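Residue strings, one per chain:
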Amino acid sequence: MVTPAAKREAVAHVCSVFEMSERRACRIIGCVRMTVRYRSRRSNDAKLRERLRALAHERRRFGYRRLHVLLRREGFIVNHKRLFRLYREERLIVRRRSGRKRALGTRAPMLIPQAPNERWSLDFVADQFIDGRRLRILVVIDDCSRECLALIADTSISGIRVARELDQVLVKHGKPRMIVSDNGTELTSNAILQWAGDHNIAWHYIAPGKPVQNAFAESFIGRLRDELLNETLFRSLSHARAVLEAWRVDYNNERPHSRLGWMSPSFYSAARRSAALCSTTAPRSGSPPSPPNRALPKARLQFRLDKNWGQRQWAYTCTVGNKLHSVGSAGAFRKCAAICHWIIYRRSSDCSGASCCSCNSIAKLS
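No experiment lies behind these values; they were computed from the predicted model shown.

(A) Main features of the overall build of the chain. Assigned secondary structure in the chain consists of 13 helices and nine strands. Looking at the 366 residues of the chain, the share that counts as buried comes to 36%. Counting contacts in the chain only where the partners sit at least 6 residues apart, residues at least 24 apart contribute 56% of the total. Surface exposure of the chain reaches about 23,600 Å², of which carbon and sulfur atoms provide 52%.

Printed below as a string of structure tokens:
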């Protein structure tokens, strides 16, 4: 008996069966009388529990964090810790599907695009109908906004079909700078190579056997399979296309994304486009010049990547202005940081810059 509720039940049982007083029963059980006499003052959560169960039944693979975002959108004011307690009491916890074990190691970080249409990712998903026929789905993802641009379902998709579908996506969303895909036969065909050359789009193929290099598409496919494909039985090709399109619209416009600050991909993409538009249309002529920045740059520890995949070589570097200076050890790095700060101060106050070369000072340390 650990919880206060269990101790209250034990004291009540001893008092009713053995006809003991509350004081004696508490002494035997080892419980404080204040705990027994406590009465909960929690508010009635019937409406919240009902809506939580409805959302969990509608979106079976959503955890309590995404359900919390959806409830807040509907006007429920609830703390995430309180919601997690109700989530456990209603036994709505999503079971994790176990996957195969993979080897862990240090890999090179993937660069994240900073604007929509900088890079797209393509991949295929395999599924089947209820009668056993095979189904293939072409997935097109914007790596910046995580927006699903297309879900093309068919029994067979050739390279010419991929090029034709990409033309329709370009009409709706514009032309990307780069497209990332694996080395499938459909994506390495002459039709795709000719299409990429005609549209002047860089097409990057990942290394063979390295799906982690196409991580954005793989992550989206995991969500697609977990939330839709494993939960739906497709009767026909038209039924599969209708269900996939409805899920794509819901994913882009309603589903909160954890890496986007719990915003939907469409809202995040619109925000990034409007921010880029404001920065490009800002008035530049006639505005007073900004005062020079006198703040001292911070010396920081960085690493550089070699030409091999996933191999990191640590180096102690110090950043002064726009220059990156390499030093030998950690002690020299600390000395370098102090000298760099002193040099920038001298340059900003009374030095002409010719005699205060940080490279010479750093060279003496290393």
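Structure's up, so let's keep going.
(B) Up close: the pairing of strand S5 (residues 202–205). Bridge count between strand S4 (residues 178–181) and S5: four bridges; the pairing is parallel. Each residue of the ladder has a partner; that of Met 178, found in S5, is Ala 202.

(C) Focus on the environment of Ala 240. The topology assignment puts Ala 240 in helix H10 (residues 237–253). When its relative accessible area of 0% is taken as the criterion, Ala 240 is described as buried. Those residues in contact with Ala 240, other than ones at most four positions away along the chain, are Phe 129, Leu 135 and Phe 234.

(D) Spatial organisation of the packing of helix H4 (residues 46–58) against helix H6 (residues 80–89). Close contact between H4 and H6 brings their axes to 11 Å; oriented N to C, the two are set at 65 degrees. As the angle between them shows, H4 and H6 are arranged roughly perpendicular. As H4 packs across H6, the resulting crossing turns out to be right-handed. Of the residues in H6, those in contact with Leu 48, Arg 49 and Leu 52 of H4 are Arg 82, Leu 83, Arg 85, Leu 86, Tyr 87 and Glu 89. Here the contact of H4 with H6 is built from residues that sort into five nonpolar, no polar and four charged.

(E) Expanded view of the packing of helix H9 (residues 215–229) against H10. Relative orientation of the contacting elements H9 and H10 amounts to 120 degrees, with a least axis distance of 12 Å. Taken together, H9 and H10 sit at an angle that is classed as oblique. The interaxial crossing formed by H9 with H10 has right-handed handedness. Every residue of H10 that contacts H9 at Phe 220, Arg 223, Leu 224, Glu 227, Leu 228 and Leu 229 is listed here: Val 243, Leu 244, Trp 247 and Tyr 251. Taken together, the residues of the contact of H9 with H10 break down into eight nonpolar, no polar and two charged.

(F) Structural detail: the nonpolar core. The biggest cluster of nonpolar side chains holds 21 residues, and the ones touching the most others in it are Leu 122, Leu 138, Val 140, Val 162, Trp 195 and Trp 203. Of all the elements in the fold, those that place two or more residues in this core are strand S1 (119–128), strand S2 (134–142), strand S3 (148–154), helix H7 (159–173) and helix H8 (190–199). Top element by residues in this core is H7. It accounts for five residues. Apart from the residues within four sequence positions on either side, Trp 203 is in contact with Leu 122, Leu 166, Ile 179, Ser 181, Leu 187, Ile 192, Trp 195 and Ala 196. Counting residues in hydrophobic clusters, the runner-up holds 20 residues, among them Leu 224, Leu 228, Leu 229 and Trp 247.

(G) Structural detail: the packing of aromatic side chains. Counted by the stated rule, this structure contains seven aromatic pairs. Considering the side-chain rings of Trp 195 and Trp 203, the 6.3 Å spacing of their centres and the 90 degrees angle between planes classify their relative orientation as edge-to-face. Given a relative accessible area of 15%, Trp 203 falls into the buried group. Plain terms: the ring middles of Phe 220 and Tyr 251 are 5.1 Å apart, the flat faces sit at 80 degrees to each other, and that makes the pair edge-to-face. With a gap of 31 residues between them, Phe 220 in helix H9 and Tyr 251 in helix H10 connect regions that are remote in the sequence. Classification of Phe 220 as buried rests on a relative accessible area of 3%. Its relative accessible area of 4% is what places Tyr 251 among the buried residues. The structure contains a cluster of three or more aromatic residues connected by ring pairs, namely Tyr 64, Phe 84 and Tyr 87. Over the face of the ring belonging to Phe 62 we find Arg 66, whose NZ or CZ atom lies 6.0 Å from the ring centre. A cation over a ring is seen here: Arg 133 above Phe 129, with NZ or CZ 4.8 Å from the ring centre.

(H) A look at the sheet that holds S3. If you walk across this open sheet you meet the five strands as S3-S2-S1-S4-S5, and the pairing is mixed. Strands at the two margins of the open sheet, each flanked by one partner only, are S3 and S5. Recorded for the sheet is a direction-independent mean angle of 20 degrees between the axes of neighbouring strands. For S1 and S2, the ladder comprises nine bridges, and the chain directions are antiparallel. From the neighbouring strand, Trp 120 faces S2, where its bridge partner is Asp 142. Packed on one face of the sheet, H8 meets S4 and S5 and runs near 140 degrees to S5.

(I) Looking closely at the state of the cysteines. With the rule as written, the count across this model stands at zero disulfides. Of all cysteine sulfurs in the structure, the one in Cys 26 sits closest to Cys 15, which takes part in no disulfide; the separation is 6.9 Å.

(J) Highlighting H6. Listing the buried residues of H6 in full gives Leu 83, Arg 85, Leu 86 and Tyr 87. Of the surrounding secondary structure, the elements contacted by the buried residues of H6 are H4 and helix H5 (64–73). At the N-terminal end of H6, a side-chain oxygen is found 2.8 Å from the backbone nitrogen of Lys 81, two or three residues along, and the residue is Asn 79. Arg 91 occupies a position one or two residues after H6 and carries a positive phi of about 55 degrees.

Parameters at a glance
- Residues numbered from 1 in each chain as written.
- Predicted model: local features only at pLDDT ≥ 70, side-chain atom pairs only at ≥ 80, totals over all residues.
- Heavy atoms only, no water.
- Helix = DSSP H or I, 4+ residues; strand = E, 2+ residues; numbered from the N terminus.
- Buried < 20%, exposed > 50% of the residue type's maximum accessible area, 1.4 Å probe, protein only.
- Contact = heavy atoms within 4.5 Å.
- Areas by Shrake-Rupley, 256 points an atom, 1.4 Å probe, with all protein chains shown as cover.
- Pairing = 2+ DSSP bridges.
- Axes fitted to C-alpha atoms, helices over the stretch in contact; angles between N-to-C directions.
- Parallel < 35°, antiparallel > 145°, perpendicular 65-115°, else oblique.
- Left-handed = near helix turned anticlockwise from the far one by under 90°.
- Nonpolar A, V, L, I, M, F, W, Y, C, P; charged D, E, K, R; others polar.
- Core = buried A, V, L, I, M, F, W, Y, C linked by side-chain atoms within 4.5 Å.
- Phe/Tyr/Trp six-rings, centres within 6.5 Å; stacked < 30°, edge-to-face > 60°.
- Lys NZ or Arg CZ within 6 Å of the ring centre and 35° of its normal.
- Disulfide = S-S within 2.5 Å.
- Polar contact = N/O pair within 3.5 Å; in protein donor to acceptor, adjacent residues only side chain to side chain.

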